[in-house]
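Coordinates in review
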Amino acid sequence: MQKSLPTGYKLVLAGASAGFLESFYGLAFAFVIGVAIAYMVLASQFESLIHPLTVMLAVPLAAIGAFGLLWLINFGSKIGILPPIPAMNINLFSQIGLILLVGLVTKNSILLVDFAIEEMRAGKDRLTALLEAGHKRARPIVMTTVAMIAGMLPVAFGLGGSDSFQGAMAVAVIGG
């Protein structure tokens, strides 16, 4: 239900809400700058404008996974499937987790794309190079992903003195 304010009054965010909005804009700016810098570095590394786009395509997919897991845990807590878990929403820590996730996902994509480019330079066709890149680089990608998830699980469950708000960062990284 939406109510109109009387003439002469306006709604202003203050306190924690204003601080959250300011930190959200700051982290969104950092996220955009981080993606732009990563693109420029990759463009210089690959000497191409297309291959960095291929690498960066994984970032939105990871963000969907991060937001999806945060939403599932929050929704499960609200309907009673999961115990009440505080702070499983978009907050400062989950936004930091998204920035961390960009680095992890682009590293995995670089492994695949770089290997596929090297295979194509060796004379293999594109499909064979992509399939071989997936086959030969799956192990290091899975190893780093499992290590990251294993490192984030104690934080996600709030073990070892971690704050419940930091759990959102861990859940965002695990979901991505």
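Quick caveat, the model's predicted, so the values are computed rather than measured. (Residues numbered from 1 in each chain as written. Predicted model: local features only at pLDDT ≥ 70, side-chain atom pairs only at ≥ 80, totals over all residues. Heavy atoms only, no water.)

Comments concerning the pattern of salt bridges
Note the following rule: Any carboxyl oxygen of Asp or Glu that lies within 4 Å of a side-chain nitrogen of Lys or Arg is treated as forming a salt bridge with it.
Applying the stated criterion across every chain, the model contains four salt bridges. Lys-124 is the salt-bridge partner of Glu-119, the closest N and O atoms lying 2.8 Å from each other. Salt bridges linked by common partners bring Glu-119, Lys-124, Glu-132 and Lys-136 together as one network.

Here's the deal with the nonpolar core
Our working rule: By convention a nonpolar core is built from buried Ala, Val, Leu, Ile, Met, Phe, Trp, Tyr and Cys residues, the set being connected through side-chain atoms within 4.5 Å. A simple rule labels every residue: compare its accessible area, found with a 1.4 Å probe on the protein chains alone, to the largest value its type can have, and call it buried under 20%, exposed over 50%, or partly exposed in between. Numbering goes from the N terminus for both helices and strands, where a helix is a DSSP run of H or I of at least four residues and a strand is a run of E of at least two. Contacts between residues were defined by any pair of non-hydrogen atoms, one from each residue, lying within 4.5 Å.
In terms of nonpolar packing, the biggest core is built from 16 residues, with Ala-66, Leu-70, Met-88, Leu-101, Ala-170 and Val-171 touching the most fellow members. Among the elements of the structure, helix 3 (58-79), helix 4 (92-121), helix 5 (126-156) and helix 6 (166-175) are those that each provide at least two residues to this core. A total of five residues in this core trace back to one element, the largest contributor, which is helix 6. For Val-171, the residues in contact, after removing those within four places along its chain, are Leu-69, Leu-70, Ile-73, Met-88 and Ala-156. Among the nonpolar cores identified, the runner-up in size contains six residues, and Leu-42, Val-55, Met-56 and Ile-117 belong to it.

Comments concerning the packing of aromatic side chains
Defined as follows: For Phe, Tyr and Trp, rings pair up if their centres lie within 6.5 Å, where Trp contributes its six-membered ring, and each pair is then called stacked (planes under 30 degrees apart), edge-to-face (over 60) or tilted (otherwise).
Evaluated as defined, the whole model comprises one aromatic pair. Centre to centre, the rings of Trp-71 and Phe-75 are 5.0 Å apart; their planes meet at 10°, and the pair counts as stacked. Of this pair, Trp-71 and Phe-75 both sit in helix 3, four residues apart, which is roughly one turn of the helix.

Concerning helix 3
This is how the line gets drawn: Expected span of a helix: the number of residues minus one, times 1.5 Å.
A rise of 1.5 Å per residue sets the reference length of helix 3, with its 22 residues, at 32 Å; its end C-alpha atoms lie 31 Å apart and thus fit the reference within 8%. Every buried residue of helix 3 is accounted for by Val-59, Ala-62, Ala-63, Ala-66, Leu-70, Ile-73, Gly-76 and Ser-77. Where the residues of helix 3 are buried, they touch helix 1 (16-46), helix 2 (51-56), helix 4 and helix 6. Backbone geometry just after helix 3 places Gly-80 at a positive phi near 95°.

A word on the environment of Thr-145
As for its placement among the helices and strands, Thr-145 is situated in helix 5. With 37 residues separating them in the primary sequence, Thr-145 and Asn-108 have C-alpha atoms 8.9 Å apart.

What about the confidence of the model for the protein?
Stated precisely, the cut-off is as follows: Summary of the metric used: pLDDT quantifies the predictor's per-residue confidence within the range 0 to 100.
Summary statistics for the protein give a mean pLDDT of 83 and a share of 95% for residues scoring 70 or more. Summarising per-element confidence for the protein, the mean pLDDT is lowest in helix 1 (82) and highest in helix 5 (89).

With respect to the side chain of Gln-95
Its location among the elements puts Gln-95 in helix 4. With relative accessibility at 6%, the residue Gln-95 sits in the buried group. Ignoring sequence-local partners within four residues, the contact set of Gln-95 consists of Phe-20, Ser-23, Phe-24, Leu-27 and Ile-90.

What to know about unusual backbone geometry
Non-glycine residue Glu-47 carries a positive phi angle of around 55°. Assignment of secondary structure puts Glu-47 in the loop between helix 1 and helix 2. Given a relative accessible area of 71%, Glu-47 falls into the exposed group.

Details of the packing of helix 4 against helix 6
Short version of the rule: Note on geometry: axes are C-alpha line fits, over the in-contact stretch for helices, and angles between N-to-C directions span 0 to 180 degrees. Each angle is binned into one of four classes, with values under 35 degrees roughly parallel, values over 145 roughly antiparallel, values of 65 to 115 roughly perpendicular, and all other values oblique. Crossing handedness is defined as follows: a turn of the near helix away from the far one that is anticlockwise and smaller than a right angle gives a left-handed crossing, while the clockwise case is right-handed. Polarity classes work like this: nonpolar for Ala, Val, Leu, Ile, Met, Phe, Trp, Tyr, Cys and Pro, charged for Asp, Glu, Lys and Arg, and polar for all others, with Gly in that last group.
Close contact between helix 4 and helix 6 brings their axes to 7 Å; oriented N to C, the two are set at 30°. Relative to helix 6, the element helix 4 is oriented roughly parallel. Note on packing geometry: the crossing formed by helix 4 with helix 6 is right-handed. Across from Phe-93, Ser-94, Ile-96, Gly-97, Leu-100 and Leu-101 in helix 4, the residues of helix 6 making contact are Gln-166, Ala-168, Met-169, Ala-172 and Val-173. Across the contact of helix 4 with helix 6, the residue classes tally to eight nonpolar, three polar and no charged.

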